[in-house]
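Report on the structure
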Amino acid sequence: KSVQATQALAAAFDATPTSRQQRDAALASAALLTLALVRSTRAMAAMTTGSQPKVLVFGYGSNGVAQLRARCANPTLTLRPARLPDHARVFCLRSPRWGQGGVASLAPAPNQHCLGSVAELSVKEKELLDKFEKPAYRDVTVTIEVRGDDGAYIQRQAIAYVGGSGEDAFTLPFTTPPSEAYLVAIRSHLRDHWDDVDQIDVRCAARGAVAQWSYPYQNPTRLDLASLCVEVNARRTAPWTMPAAIRPRCTALVEAGLTTTAEVAAALCDRRSAFSAVDWDDDGLRALAQVPLHRVFVYGSLLTGLHNAGRLAGARLLGTATTFDEYALRSAGAYPYAVDGADAPGLSTTPLAGELYVCSTDQLDRLDALEDHPSYYQRRRVRLRGDDAEAWMYVLRDAGALAE
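The sections below set out a description of the structure shown in this document. Since we're looking at a predicted model, the values are computed, not measured. (Residues numbered from 1 in each chain as written. Predicted model: local features only at pLDDT ≥ 70, side-chain atom pairs only at ≥ 80, totals over all residues. Heavy atoms only, no water.)

**Brief notes about the overall build of the protein**
Our working rule: Elements are defined by DSSP. Helices are runs of H or I of four residues or more, strands are runs of E of two residues or more, and each kind is numbered from the N terminus. To sort residues, take the accessible area from a 1.4 Å probe on protein chains only and compare it with the maximum for the residue type: under 20% means buried, over 50% means exposed, and anything in between is partly exposed. Between two residues, a contact is recorded if the distance between any of their heavy atoms is within 4.5 Å. Each accessible area is a Shrake-Rupley estimate made with a 1.4 Å probe; only the visible protein chains count as cover when residues are assessed.
Across its full length, the protein carries ten helices and 14 strands. Counting across all 404 residues of the protein, residues that qualify as buried make up 47%. In the protein, once contacts between residues fewer than 6 apart in sequence are set aside, the share between residues at least 24 apart is 70%. Split by element, the accessible area of the protein, about 20,200 Å² in all, is 51% carbon and sulfur.

Shown next as structure tokens:
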């Protein structure tokens, strides 16, 4: 473009045009070419920092922001939402560190979009990432659609890691299903950029979808410990290097007597001292307190639209629910009391209708403070109708207080 602009500009002055109109046209053409040169130069400058060129890498598997920050040794790395048209996420290989399960790759799939994100890496950062991906994967140049802040998509050229050498097929064949922890890592990656990612298709390049995995958001304590570690890592200030960090962190929990995620959640509620024996750093324990693990049933001022509903900001509303057992409900003006029927003989009782949330430990601590647990209200486990898992509910601790 630079040569064309120079030639056009020279022609405008050196040629002998037959009219002023021709001269003006030649000058206009030269100006347009020069403007194109400026725009091209600016675009190239946007892809560099100083003299360091950048590489766009499209991620669609476990390479979310936390994992990439650790792998690329860049604690400030950011990602942008991106999708790859006419491709689908498939699974291949077998990863010992991801629980002997399959890992993600790409396969052509007309009229589909593979959701993911795009990272802008330096050459050095790309080389660091290659150490985790190659030689099992190769670089493939793809045309992705990057979503801007205004919701519009812009096409960009990027590198994507695809399983295999590409000699026999575009990607490697399906070997084994992915582990739960790996699927949780994909969901953790996607939820930063996309809605409705609680279900992930487990696909084979040759046969298409073979199953669909669903995140247990209704009761996250059903996750295994490896998956819990993935959730923790997504919330760490200084992410662990995954998946190598999973096994030692799981071992530390088991050695402290916490063998399931349900046991971890229970200890977070009422037995915090158990974590003094867990060989995790403060960053890990802080991040653990941010993982949504606790089901909470609310029936009073915490309900949607009422004056304390803001206390549940950030918690996930699962929907309406009704208690299996009956309680007496009494008004204190600004808020109601729920009293266990067994603690207040003679009071009329009924199953309570309310809402069910999933909260983090930090959110549960704030609710405990609001309800003055365990001095005034008592947080106790209750059964819900049509649900096989219990939930926390705040009940008046001393029924004798009703007389006051």
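Still more to cover.
**A short note on the pairing of strand 4 (residues 101-122)**
As a reminder, the rule being used: Two strands pair under a simple rule: DSSP has to find at least two bridges between them.
Relative to strand 4, strand 2 (residues 52-59) is paired through six bridges, and the arrangement is antiparallel. Residue pairing for strand 4: F58 is matched across the bridge by V118. Strand direction decides the pairing type here: strand 3 (residues 79-95) and strand 4, joined by 14 bridges, are antiparallel. Residue pairing across strands places P85 opposite H113, the latter belonging to strand 4. Between strand 3 and strand 4, which follow one another and run antiparallel, lie five residues, and G99 among them has a positive phi close to 70°.

**Considerations on the side chain of S117**
Just so we agree on the cut-off: Each polar contact in these results corresponds to two N or O atoms within 3.5 Å; when the atoms are within protein, one needs to be able to donate a hydrogen and the other to accept it, and residues that are neighboring in sequence are counted only if both atoms are side-chain atoms.
If you trace the backbone, S117 turns up in strand 4. Of note is the side chain of S117, whose polar atom sits 2.7 Å from the side chain of H189. What S117 contacts, discounting residues up to four positions off in sequence, is V57, F58, G59, L79, R80, P81, A82, H189 and H193.

**Examining helix 10 (residues 361-371)**
What counts here: In this description, one arc is meant: the one made by directions from the helix axis to the C-beta atoms.
Among all positions in helix 10, only T361, Q363, L364, L367, D368 and E371 are buried. Summarising the axial view, the buried residues of helix 10 lie within an arc of 155°, below the 170-degree limit, and thus occupy one face. Its buried side turned inward, helix 10 meets helix 8 (261-270), strand 9 (294-298), strand 12 (350-359), strand 13 (377-382) and strand 14 (391-396). One or two positions beyond helix 10, positive phi appears at D372, with a value near 55°.

**Some words on the pattern of salt bridges**
To be explicit about the condition: Definition used for salt bridges: Asp or Glu carboxyl oxygen within 4 Å of a side-chain nitrogen of Lys or Arg.
Counting across every chain of the model gives 22 salt bridges. In this structure, E231 and R191 form a salt bridge, with 3.2 Å as the shortest nitrogen-oxygen distance. Residue E231 is found in helix 6 (residues 225-233), and its partner R191 is found in helix 5 (residues 180-191); the two are separated by 40 residues along the sequence. What makes R191 partly exposed here is its relative accessible area of 27%. Here the salt bridges share partners, and the residues they tie into one network are R187, R191, D198, E231, R235 and R316.

**Comments concerning the packing of helix 6 against helix 7 (residues 246-255)**
This is how the line gets drawn: Every angle, taken between N-to-C directions, lies between 0 and 180 degrees, and every axis is a line fitted to C-alpha atoms, over only the stretch in contact when it is a helix. What sets the label is the angle itself: under 35 degrees gives roughly parallel, over 145 gives roughly antiparallel, 65 to 115 gives roughly perpendicular, and the rest give oblique. Crossing handedness is read from the near helix: turned anticlockwise from the far helix by less than a right angle, it gives a left-handed crossing, and turned clockwise, a right-handed one.
Where helix 6 contacts helix 7, the two axes come as close as 9 Å, and the packing angle between them is 115°. Our classification of the angle between helix 6 and helix 7 gives roughly perpendicular. Here the hand of the crossing between helix 6 and helix 7 comes out right-handed. Along the contact surface, helix 6 presents L225, A226, C229 and V230, while helix 7 presents I246, R249, C250, L253 and V254.

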